Amino acid sequence: MQNISRTRRSMGGMDYVDPKKKSNFVGKIVLAAALTALCILMLKQSSTFGSPSPFSQRDTGVTHVLVTGGAGYIGSHAALRLLKDSHRVTIVDNLSRGNIGAVRVLETLFPQPGRLQFIYADLGDAKAVNKIFSENAFDAVIHFAAVAYVGESTLDPLKYYHNITSNTLVVLEAMAAHGVQTLIYSSTCATYGEPEKMPITEETPQLPINPYGKAKKMSEDIILDFHKNSDMAVMILRYFNVIGSDPEGRLGEAPRPELREHGRISGACFDAARGITPGLKVRGTDYKTADGTCIRDYIDVTDLVDAHVRALEKAKPGKVGIYNVGTGKGRSVNEFVEACKKATGVNIKVDFLPRRPGDYAEVFSDPTKIRDELNWTARYTNLQESLEIAWRWQKSHRDGYGSP
C-alpha cells in the first residue's frame, strides 16, 4: 500500500492516479515490447537461428565421440588425435583436474563449426549427463574422466569410489538410455594389484590393493555385467604409467599445484628440475628389485592415445575386448630419475623416503594380445626422448596453461 500511495493524490476525498506517472509506466512497457520485437527480428534474420546444432545430428562418414575428462592430460591428447583424424568431438569435463587452457588450444587448432564443443558438467550429476546425451548424437564414448592418484586414493577412498565407480555407472546408464553403442573404457594396471608373476597378461588375476585400483575394477565389473545382455561394443584398456606429451608441443601435462605430492613421477621430476620443489622424493628403496626401487612400465601418451584410436576402430557390436597397454619393459624409479636428469640437464636432488601406502614393487605388461588383435605396438619407447619432449613443453609453459 505504501508504494501505491506514492503515485496517488487525494482529490475531494477520492484518490486518483497521477496521469504523468501512468503515462511513464505505459511508455516503459511499449519500449520493452519494441526492443523485444527487434531482438526477435534480428535473431530470425541470423543464418543460424532455428538451425539444429551439428552436434545433435548424425552425418554420414563422421564419427561423433564424447570424450569424458577431455580437458585432462590424457583426454586432451586423445581429443587432439581424434580431431586430426576428422572425428567430431564433444569434451565433457568439470575441470576439477583438467585445464580449460588445453581446451582453448584445441579450439584454436580446430575452429571450424561442428568439429569440437566443450561442455562443463559433472558426471556425478545424472540429470545433467542425460541432458547432454539427449541434445547430442554420440556414436561412441571414450571414458577417461577419473581421479587417478594411488596415494590420494588411500587418503580419500570415498572420493575415488564416487568419482570412478559411481560416475561410470551414470555414463553407462545414459549410453543405454540414448542408444550409444560403443564404449572405450580407460582402465588401469592398478586393477592387477601386485601379481606374483611378471609380465602381466590380460589373464593375470585382478587383485587390486588400493582404492584407485579397486574402484576401476568395480567399474570394469559393472560394464561387463551390463554387456551380458547388450549389443554394445566395449573395449577396456588397462594401461600402465603414462609419460611424455605431444611431440609438436601443443599440449602437455599441467597438474594442479595442490596435487603435486600425489602426481606422476615425471611431473615431480620436472618440478624439481625447475626449482618449484627443493628436490625429488623417491618413496621406497627396500623393494625386492635390483636397485630397491619400484619397477614400472612407462608408456608414452602418444602411444596410449594411438591404442585408444585403434580400439575405437576395431570395436564390434556385441563384443568385448580387454587389453593391456604398455611397452612390455619395466624400468626402475632410479632408472627413471637418471633419464630425467639427462633430459632436463639438471642434477636433481633426490630424497629417499619410506614406501607410499598402496604401492607395489614391480609391474610391467605383456603387450602380445593388443599387438596381435589391434595391430598396436608402442613406438615411443626411449624413456629419455619421451622426457625430453615433455620437458620442452614444461620449459615453454612455466605456468602450465595459465590461469583459468
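No experiment lies behind these values; they were computed from the predicted model shown.

Chemist: Can you walk me through the overall build of the chain in this structure?
Modeler: Helix and strand counts for the chain come out as 13 helices and 15 strands. Per-residue burial over the chain gives 49% buried out of 404 residues. Taking the intrachain contacts of the chain between residues at least 6 apart in sequence as the baseline, contacts between residues at least 24 apart amount to 81%. Surface accessibility of the chain: about 20,100 Å² in total, with carbon and sulfur atoms responsible for 53%.

Chemist: For this particular structure, what's the right way to read the packing of helix α9 (residues 265-273) against helix α13 (residues 383-396)?
Modeler: Helix packing geometry: the angle between the two helix axes and the distance between the axes. Where α9 meets α13, the closest approach of the two axes is 11 Å, and the angle between their N-to-C directions is 55°. Here α13 runs oblique to α9, going by the angle between their axes. The crossing of α9 and α13 is right-handed. For the pair α9 and α13, the contacting residues are Ser-266, Phe-270 and Ala-273 in the first and Leu-387, Ala-390, Trp-391 and Gln-394 in the second. Per-class residue counts for the contact of α9 with α13 are five nonpolar, two polar and no charged.

Chemist: Whenever I open this one, the packing of aromatic side chains confuses me. Can you help?
Modeler: Remark: the centre distance and the inter-plane angle together describe each pair of aromatic rings, the angle taken between the planes. Going through the model one piece at a time under the given rule, you end up with five aromatic pairs. Centre to centre, the rings of Phe-133 and Phe-138 are 5.2 Å apart; their planes meet at 75°, and the pair counts as edge-to-face. With a relative accessible area of 4%, Phe-133 lands in the buried category. The ring of Phe-55 has Arg-88 lying over it, and the distance from NZ or CZ to the ring centre is 5.9 Å. The ring centre of Tyr-323 lies 5.1 Å from the NZ or CZ of Lys-369, which sits over that ring.

Chemist: Looking at this structure, how should I read the packing of helix α5 (residues 126-135) against helix α7 (residues 157-178)?
Modeler: Where α5 meets α7, the axes come as close as 10 Å, and the angle between the chain directions of the two elements is 35°. Where α5 crosses over α7, the two elements pack in a sense that is right-handed. Residues Ala-126, Val-129, Asn-130, Phe-133 and Ser-134 of α5 form the contact with α7, whose participating residues are Val-170, Val-171, Ala-174, Met-175, Ala-177 and His-178. Partitioning the contact of α5 with α7 into residue classes produces eight nonpolar, three polar and no charged.

Chemist: Explain the sheet that holds strand β6 (residues 140-143) here, please?
Modeler: Read across the sheet, seven strands follow the order β5-β4-β3-β6-β7-β8-β13 without closing on themselves; strand pairing throughout is parallel. Only two strands of the sheet have a single partner each, and these edge strands are β5 (116-120) and β13 (320-325). Neighbour-to-neighbour, the strand axes of the sheet open up by a mean angle of 15°, direction not taken into account. The pairing of strand β8 (residues 233-239) with β13 spans six bridges and is classified as parallel. When the sheet's bridge partners are listed, Ile-236 is paired in β13 with Ile-322. Packing against the sheet, helix α10 (residues 301-314) makes contact with β3 (64-68), β6, β7 (182-188), β8 and β13, and its axis sits at approximately 160° to β8.

Chemist: Sorry if this is basic, but what is going on with unusual backbone geometry here?
Modeler: Negative phi is the rule for most residues except glycine; trans is the rule for most peptide bonds. With omega at -5°, the peptide bond leading from Met-198 into Pro-199 counts as cis. Within the secondary structure layout, Pro-199 lies in the loop between β7 and α8 (211-227). Located in the positive-phi region is Ser-86, a residue other than glycine, with phi close to 75°. Within the element layout of this structure, Ser-86 appears in the loop between α3 (73-84) and β4 (88-93). Its identity is not glycine, yet Asn-375 carries a phi of approximately 55°, on the positive side. With respect to the element layout, Asn-375 can be found in the loop between α12 (368-374) and α13.

Chemist: Please explain the nonpolar core as it appears in this structure.
Modeler: Where a protein is soluble and globular, its nonpolar side chains tend to be buried together. Of all hydrophobic cores here, the largest spans 47 residues; its most connected members are Ile-74, Leu-82, Val-89, Leu-106, Val-242, Val-325 and Trp-376. Setting aside its immediate chain neighbours within four residues, Trp-376 contacts Ile-299, Asp-303, Asp-306, Ala-307, Arg-310, Val-325, Gly-326, Ile-370 and Arg-371. Listed in part, the 41 residues of the second largest apolar core include Val-92, Tyr-192, Leu-259 and Val-363.

Chemist: Please clarify how the environment of Glu-202 should be interpreted in this entry.
Modeler: Considering the arrangement of structural elements, one finds Glu-202 in the loop between β7 and α8. Sequence separation between Glu-202 and Asn-324 is 122 residues, and the spatial gap between their C-alpha atoms is 6.4 Å. Engagement of the side chain of Glu-202 in a polar contact is seen with the backbone nitrogen of Asn-324, the distance being 2.8 Å.

Chemist: Explanation requested: α3 in the structure shown.
Modeler: Side chains that are three or four residues apart share a direction in an α-helix, a result of its 3.6 residues per turn. Under the 1.5 Å per step criterion, the end-to-end length of α3 is 17 Å for twelve residues, consistent within 8% with the ideal 16 Å. With ten of its twelve residues buried, α3 lies for the most part within the structure. Taken together, the buried positions of α3 are Tyr-73, Ile-74, Gly-75, Ser-76, His-77, Ala-78, Ala-79, Leu-80, Leu-82 and Leu-83. Ser-86 lies just past α3 and shows a positive phi near 75°.

Chemist: I tried to follow the confidence of the model for the chain on my own but got confused; where do I start?
Modeler: Residues shown with low pLDDT carry predicted positions that ought not to be read at fine detail. Confidence in the prediction for the chain averages 90 pLDDT; 89% of positions are at 70 or higher. Confidence over residues 1-17 falls short of pLDDT 50; this stretch has 13 contacts with residues more than four positions distant or in other chains.

Chemist: What is the right way to read the pairing of β7 from this model?
Modeler: Side chains on a regular strand alternate between the two faces of the sheet. Burial of β7 is extensive: seven of the seven residues sit out of reach of the surface. Burial of the side chains of β7 extends over both faces: Thr-182, Ile-184, Ser-186 and Thr-188 are buried on one face and Leu-183, Tyr-185 and Ser-187 on the other. Relative to β7, β6 runs parallel, the two being bridged by three bridges. Bridged to His-143 within β7 is Tyr-185. Pairing analysis gives seven bridges linking β7 to β8, with the strands arranged parallel. Across the sheet, residue Ser-187 finds its bridge partner in β8, namely Arg-238. After leaving β7, the chain enters α8 and then returns to the sheet as β8, a path that is right-handed.

Basis of the calculations
- Residues numbered from 1 in each chain as written.
- Predicted model: local features only at pLDDT ≥ 70, side-chain atom pairs only at ≥ 80, totals over all residues.
- Heavy atoms only, no water.
- Helix = DSSP H or I, 4+ residues; strand = E, 2+ residues; numbered from the N terminus.
- Buried < 20%, exposed > 50% of the residue type's maximum accessible area, 1.4 Å probe, protein only.
- Contact = heavy atoms within 4.5 Å.
- Areas by Shrake-Rupley, 256 points an atom, 1.4 Å probe, with all protein chains shown as cover.
- Axes fitted to C-alpha atoms, helices over the stretch in contact; angles between N-to-C directions.
- Parallel < 35°, antiparallel > 145°, perpendicular 65-115°, else oblique.
- Left-handed = near helix turned anticlockwise from the far one by under 90°.
- Nonpolar A, V, L, I, M, F, W, Y, C, P; charged D, E, K, R; others polar.
- Phe/Tyr/Trp six-rings, centres within 6.5 Å; stacked < 30°, edge-to-face > 60°.
- Lys NZ or Arg CZ within 6 Å of the ring centre and 35° of its normal.
- Pairing = 2+ DSSP bridges.
- Core = buried A, V, L, I, M, F, W, Y, C linked by side-chain atoms within 4.5 Å.
- Polar contact = N/O pair within 3.5 Å; in protein donor to acceptor, adjacent residues only side chain to side chain.
- Expected span 1.5 Å × (residues − 1).
- pLDDT = per-residue confidence, 0-100.
- Right-handed = clockwise from strand over helix to strand, strands pointing away.

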